[in-house]
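# Remarks on the overall topology
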Amino acid sequence: MRYISTRGGVAPVTFSKAVMMGLATDGGLLLPEKIPAVDNATLNKWSKLSFANLAKEVIGLFVEPRDIAKADLDTIIENSFASFNHPDVTPVVKVGNRYVLELFHGPTLAFKDVALQFLGNLFEHILAKQGGQLNIIGATSGDTGSAAIYGVRGRKGIQIFILHPNGRVSPIQERQMTTVLDDNVHNIAIKGTFDDGQAIVKQLFNDLDFKNKYQLGAVNSINWARILAQIVYYFYAWGQVNKGTNKTVTFSVPTGNFGDIFAGYMAHRMGLPIENLILATNRNDILSRFFNTGTYRAGTVAPTISPSMDIQISSNFERYLYYLLDEDSAKLKSLMEQLDSDGGFSVTEDVLAKTKPLFLAKAVSEEETSAAIKAVFKQDNYILDPHSAVGVCAANGRSDVICLATAHPAKFGQAVEDATGRTPDVPAVLQGVMDSPTRCMLLPATFEAVRDCMQKVLG
Ligand SMILES: *Cc1c(COP(=O)(O)O)cnc(C)c1O
């Protein structure tokens, strides 16, 4: 399996190369040359596997053994999910008339651990083989930062710089990042929004002299390995719910950067029987507006109780758009240029029609989010975090929808308490985080400030 860019300007590269490249060198995003197909017999066989063994099968389809030997890849996968504190890694539980796919049993209690534990192990393996250093730069709306830091803390040959919007992540999220004092971890609070941070990261990657001099690596979901790891739990949840039958299922996915739901789209393209992917946004609704109107145009970012989805420009959306435009890189490029120059673009009715019937999209208000947390607690005695509640609300009471629970409620204790009157129990891994010493730099939200800071640290 080789990887190409959505914008058509990269000669096919191996999986390892794609992982190290992060953002494609032509400014696009990397995708597999072909989407592997999985037949029903294989699906049934897979439905009996443990999460880690299923991950070996799914991920194995996207990595050539002469790139990473099968035995090495299997070890990387086993180590990556051994750090989860649930035997099923991503258990599926029945809550009322729906299923909840719990993705928050990793070290930082958010779904991003699924991909970032894997990515940390991959980086280490690839660096050990090829030598050299990797300097990771990422922007976080809250959860990616700590999950990425936990993925690479203390690892040899890796430095990590994480930008977070100053004062716009929850206190626990902030401390989960800034209390990690390993020498290779550098937290930067920027005086701006997540979108500012993401734009700075993109600019650093597009400065090819800087990127090559410092071997920049990406941990945002622009990195293909993150999407790949997330594809696994769609297959896993399907198997858990179906127990050997071949039923079609519907997933509801709270989304911001279109990463998680894009993994679901890939699973669908591979042959997983998915009826609908319900795209659930908070009031930062650029994605739900696109799926309902065909126009993609950023508004201003409004802070919400689901801060990890306070995003207006969804970097992964480009991957989906590429498929929606029938893999026409030229057309895609012109739309992305229009986005840069005019702040938005529209697709034709015909193109929009192709998003149906798979995608349904809904923007969920703050009141609806709180009401969903409250209702599920009262009726089903289950505590949702606000992100997961956005997905549950968008599923709109429909039976048997698999709702992705993307964070542990204790990470967003205040919002949960406001909705239910109860403070969620704090798991052991979070205890102590609030009073441990921290380290963080505060910088203006500019490309120059961040670049100069990195140059100073790296010498
Ligand atoms: C990152 C995040 C999301 C959004 O995921 P995307 O891949 O950006 O769509 C949702 N919920 C939580 C808790 C997150 O951390």
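Below, the structure is looked at part by part. Note that the coordinates shown come from a computational prediction; the quantities given were computed from them, not determined experimentally.

Trp-224, Ile-231 and Phe-251 are the most contacted members of the largest nonpolar core, which totals 110 residues. Broken down by element, the residue count for this core peaks at 14 residues, all from helix H10 (residues 224-242). What Trp-224 contacts, discounting residues up to four positions off in sequence, is Tyr-3, Phe-15, Leu-30, Leu-31, Pro-32, Phe-62, Ile-231, Phe-262, Met-266 and Arg-319. In this structure, Phe-205, Leu-216, Phe-447 and Val-450 belong to the second largest nonpolar core, which totals 24 residues.

This part takes up empty space enclosed by the protein. As enumerated under the stated definition, the model contains three cavities of 30 Å³ or more in all. Estimated volume of the largest cavity: approximately 260 Å³. What lines the largest cavity is a set of 25 residues, and nearest its centre among them are Phe-111, Lys-112, Gly-256, Asn-257 and Ser-308. In terms of residue class, the lining of the largest cavity is made up of eight nonpolar, 13 polar and four charged. Quantified by volume, the second largest cavity comes out at close to 50 Å³. Every residue lining the second largest cavity is listed: Leu-43, Trp-46, Ser-47, Leu-49, Leu-54, Phe-235, Tyr-236, Trp-238, Gly-239 and Gln-240. Across the lining of the second largest cavity, the residue classes break down as seven nonpolar, three polar and no charged.

The subject of this paragraph is the site of the ligand. Close contacts around the ligand come from 15 residues, with Lys-112, Asp-143, Thr-255, Asn-257 and Thr-406 the closest. Take Thr-255: an N or O atom from its side chain is 2.7 Å from an oxygen atom of the ligand. For the ligand, whose free accessible area comes to 380 Å², the fraction covered by protein is 98%. In this structure the site holding the ligand corresponds to the largest cavity. The residue makeup of the shell around the ligand, split by class, is five nonpolar, seven polar and three charged.

In this section: the packing of helix H3 (residues 51-60) against helix H4 (residues 70-82). The description of two packed helices rests on the angle between their axes and on the distance between the axes. Look at H3 against H4: their axes get within 9 Å of each other, and the N-to-C directions meet at 135°. One element, H3, and the other, H4, form an angle in the oblique class. Viewed along their axes, H3 and H4 form a crossing whose handedness is right-handed. Contacts between H3 and H4 involve Phe-51, Ala-52, Ala-55, Lys-56, Ile-59 and Gly-60 from the former and Lys-70, Leu-73, Asp-74, Ile-77, Glu-78 and Phe-81 from the latter. Class assignment of the residues belonging to the contact of H3 with H4 gives a composition of seven nonpolar, one polar and four charged.

Attention shifts here to the side chain of Thr-250. The residue Thr-250 is located in strand E9 (residues 249-254) in this model. A polar contact of 3.3 Å, which involves the side chain of Thr-250, links it to the backbone nitrogen of Asn-276. Setting aside residues up to four positions removed in sequence, Thr-250 forms contacts with Glu-275, Asn-276, Ile-278, Arg-398, Asp-400, Val-401 and Ile-402.

Here, the word disulfide means a covalent bond between the sulfur atoms of two cysteines. Tallying each qualifying case throughout the model produces zero disulfides. The cysteine Cys-440 is free of any disulfide, with Cys-453 supplying the nearest cysteine sulfur at 10 Å. Since its relative accessible area comes to 39%, Cys-440 is described here as partly exposed.

About the thresholds
- Residues numbered from 1 in each chain as written.
- Predicted model: local features only at pLDDT ≥ 70, side-chain atom pairs only at ≥ 80, totals over all residues.
- Heavy atoms only, no water.
- Core = buried A, V, L, I, M, F, W, Y, C linked by side-chain atoms within 4.5 Å.
- Buried < 20%, exposed > 50% of the residue type's maximum accessible area, 1.4 Å probe, protein only.
- Helix = DSSP H or I, 4+ residues; strand = E, 2+ residues; numbered from the N terminus.
- Contact = heavy atoms within 4.5 Å.
- 1 Å grid on protein atoms, 1.4 Å probe; cavity = no way out; pocket = protein on both sides within 12 Å on 5 of 7 lines; lining within 4 Å.
- Points joined across faces, edges and corners; volume = space filled by probe spheres on them.
- Nonpolar A, V, L, I, M, F, W, Y, C, P; charged D, E, K, R; others polar.
- Near = heavy atom within 4 Å.
- Polar contact = N/O pair within 3.5 Å; in protein donor to acceptor, adjacent residues only side chain to side chain.
- Areas by Shrake-Rupley, 256 points an atom, 1.4 Å probe, with all protein chains shown as cover.
- Sits in = over half its atoms within 2 Å of the grid points.
- Axes fitted to C-alpha atoms, helices over the stretch in contact; angles between N-to-C directions.
- Parallel < 35°, antiparallel > 145°, perpendicular 65-115°, else oblique.
- Left-handed = near helix turned anticlockwise from the far one by under 90°.
- Disulfide = S-S within 2.5 Å.

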